[in-house]
Amino acid sequence: MAEERELAIVVAHGFTGALERPAVRRAARVLGGSAGVVTFSFRGHGRSGGLSTVGDLEVLDLDAAVSWARRLGYRRVATVGFSMGGSVVLRHAAGQTVHAAVCSAAGPQDVRGNDAGGDGVRGDVRRNGRGVVRPAREGRTTAHSPARVDAVVSVSSPARWYYRGTAPMRRVHWAITRPAGRLVSRLGLKTRIRAADWDPVPLSPVEAVPLIDPDIPLLIVHGDRDGYFPLDHPLSLADAAGRDRAELWIEPGFGHAENAADDALLRRIGDWLTGRVPAR
């Protein structure tokens, strides 16, 4: 039986990230000063198998990582997501997982510790010593209940899908929707993207946020220098969640996601989590 531990933080990286990327490893190291940390690579990223669906089926990958943390013996599990990962942690907490038949066709094979091999989603674990089903928009299936989380931190997340209002996001859309862009992503960024469009379109983060259990502490973090998503995105998320139950940090000088998050911000996130997640 696994040794019982207190809090684990599951880190969900951004689009084109992976657990081997320096920014993800640094985030894991800093957050590891506050709790145990589980990192993994989303499908289609780094050494993980499959193809990226850019935030849709990735809720299943996150769910596998949260379940793995529970199996390791952690009593409390929080998720911290960046950019695409930030949208995934919101949708996962809202219970927006897809039908088990989809999971069997494209889901991650496993999430394991540092010394594990195998294919599928790769993960590692750093240690420091209730399933909720929610209603979904018509057309989205939600047949299985995700592993419950005890707190959620979403950093640099979009509020809406298909946003093209900034030059970086127009480049992202080129990489996702064009054959040449997907080739560049595969060869240059080690990110393999599924060519098919979403069908059905998953709930957007701003639609999912109101469905998160109000007992789950929620923190939304965004930089005033984010070149991808302007400030109307975090403001929309906070308004949708309800300002009385979601905490919003607008960080001066902060850019976008894990690559721009400095150690001081990551430590504050770790402190926030340990202050909001009860030990007992």
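Residues numbered from 1 in each chain as written. Predicted model: local features only at pLDDT ≥ 70, side-chain atom pairs only at ≥ 80, totals over all residues. Heavy atoms only, no water.

(A) Up close: the overall build of the chain. Helices and strands together make up the secondary structure of the chain, namely 10 helices and 7 strands. In the chain, which comprises 280 residues, the proportion classed as buried is 56%. As presented, the chain carries roughly 11700 Å² of accessible surface, and 52% of it is formed by carbon and sulfur atoms. (Helix = DSSP H or I, 4+ residues; strand = E, 2+ residues; numbered from the N terminus. Buried < 20%, exposed > 50% of the residue type's maximum accessible area, 1.4 Å probe, protein only. Areas by Shrake-Rupley, 256 points an atom, 1.4 Å probe, with all protein chains shown as cover.)

(B) A look at the pattern of salt bridges. This model, assessed by the stated rule, comprises 13 salt bridges. In this structure, the salt-bridge partner of Arg91 is Asp56, at a minimum N-O distance of 3.7 Å. With Arg91 in helix α3 (residues 84-93) and Asp56 in the loop between β2 (36-40) and α2 (58-71), this residue pair connects regions lying 35 residues apart in the sequence. Each member of the pair, Arg91 as well as Asp56, carries the same accessibility label: buried. Note that Arg148 and Asp213 form a salt bridge whose closest N and O atoms lie 3.5 Å from each other. Of this pair, Arg148 sits in the loop between β4 (123-126) and β5 (151-155) while Asp213 sits in the loop between α7 (205-208) and β6 (218-223), and the two are 65 residues apart along the sequence. The pair formed by Arg148 and Asp213 is uniform in burial state, with each residue classed as buried. Within the structure, one salt-bridge network assembled from shared partners comprises Arg26, Arg29 and Asp263. (Salt bridge = Lys/Arg side-chain N within 4 Å of Asp/Glu carboxyl O.)

(C) Region of the structure containing a nonpolar patch on the surface. Together, Leu231, Leu235 and Ile250 make up an exposed nonpolar region whose accessible area comes to about 200 Å². Note that Leu235 resides in helix α8 (residues 232-241). On the accessibility criterion, Leu235 (35% relative accessible area) is partly exposed. (Patch = residues over 30% accessible without salt bridge, like charges linked within 9 Å, V, L, I, M, F, W, Y side chains within 5 Å.)

(D) Broad picture of the confidence of the model for the chain. Confidence in the prediction for the chain averages 84 pLDDT; 80% of positions are at 70 or higher. Model confidence for the chain, summarised as mean pLDDT per element, is weakest for helix α4 (residues 100-106) at 35 and strongest for β6 at 98. Overall, residues 96-143 carries pLDDT values under 50, and its contacts beyond four positions in sequence, including any with other chains, amount to 133 contacts. (pLDDT = per-residue confidence, 0-100. Contact = heavy atoms within 4.5 Å.)

(E) Fine view of the pairing of β2. Buried residues dominate β2, accounting for 5 of its 5 residues. Neither face of β2 is exposed, since Gly36, Val38 and Phe40 on one face and Val37 and Thr39 on the opposite face are all buried. Judged from the 4 bridges that link them, strand β1 (residues 5-12) and β2 form a sheet pairing that is parallel. Note that in β2 the partner of Val10 across the bridge is Val38. Each parallel crossover has a hand, and the one from β1 via helix α1 (residues 22-31) to β2 is right-handed. (Pairing = 2+ DSSP bridges. Right-handed = clockwise from strand over helix to strand, strands pointing away.)

(F) Quick peek at α3. The buried fraction of α3 is high, at 10 of 10 residues. In the stretch just after α3, Gly95 is the one whose phi turns positive, near 85°.

(G) Molecular detail of the side chain of Ser48. Within the secondary structure, Ser48 sits in the loop between β2 and α2. Look at Ser48 and you get buried, because its relative accessible area is 2%. Among the polar contacts listed, one links the side chain of Ser48 to the backbone oxygen of Ser41, at a separation of 2.8 Å. (Polar contact = N/O pair within 3.5 Å; in protein donor to acceptor, adjacent residues only side chain to side chain.)

(H) A look at unusual backbone geometry. The amide bond that connects Asp199 to the next residue, Pro200, takes the cis arrangement and shows omega of 0°. Examined against the element boundaries, Pro200 turns out to sit in the loop between α6 (179-188) and α7. Here the phi dihedral of Ser83 falls at roughly 55°; this positive angle occurs in a residue that is not glycine. Its location among the elements puts Ser83 in the loop between β3 (74-82) and α3. Even without being a glycine, Ser156 presents a positive backbone phi close to 60°.

(I) Seen up close, the packing of aromatic side chains. Tallied over the entire structure, the rule returns 4 aromatic pairs. Through successive ring pairs, a cluster of aromatic residues spans Trp161, Tyr162 and Trp198. Its guanidinium or amino end placed over the ring of Trp249, Arg268 lies 4.4 Å from that ring's centre, counting from NZ or CZ. (Phe/Tyr/Trp six-rings, centres within 6.5 Å; stacked < 30°, edge-to-face > 60°. Lys NZ or Arg CZ within 6 Å of the ring centre and 35° of its normal.)

(J) Summary view of the pairing of strand β7 (residues 246-251). Looking at chain direction, β6 and β7 are connected through 6 bridges and run parallel. Across the sheet, residue Leu219 finds its bridge partner in β7, namely Glu247. Handedness of the crossover joining β6 and β7 through α8: right-handed.

(K) Quick look at the packing of α1 against helix α10 (residues 263-276). Running from N to C, α1 and α10 point in directions that differ by 50°, and their axes come no closer than 9 Å. Relative to α10, the element α1 lies oblique. Viewed along their axes, α1 and α10 form a crossing whose handedness is right-handed. Contacts between α1 and α10 involve Arg26, Ala27, Arg29, Val30 and Leu31 from the first element and Asp263, Leu266, Arg267, Ile269 and Gly270 from the second. Residue composition of the contact of α1 with α10, by class: 5 nonpolar, 1 polar and 4 charged. (Axes fitted to C-alpha atoms, helices over the stretch in contact; angles between N-to-C directions. Parallel < 35°, antiparallel > 145°, perpendicular 65-115°, else oblique. Left-handed = near helix turned anticlockwise from the far one by under 90°. Nonpolar A, V, L, I, M, F, W, Y, C, P; charged D, E, K, R; others polar.)

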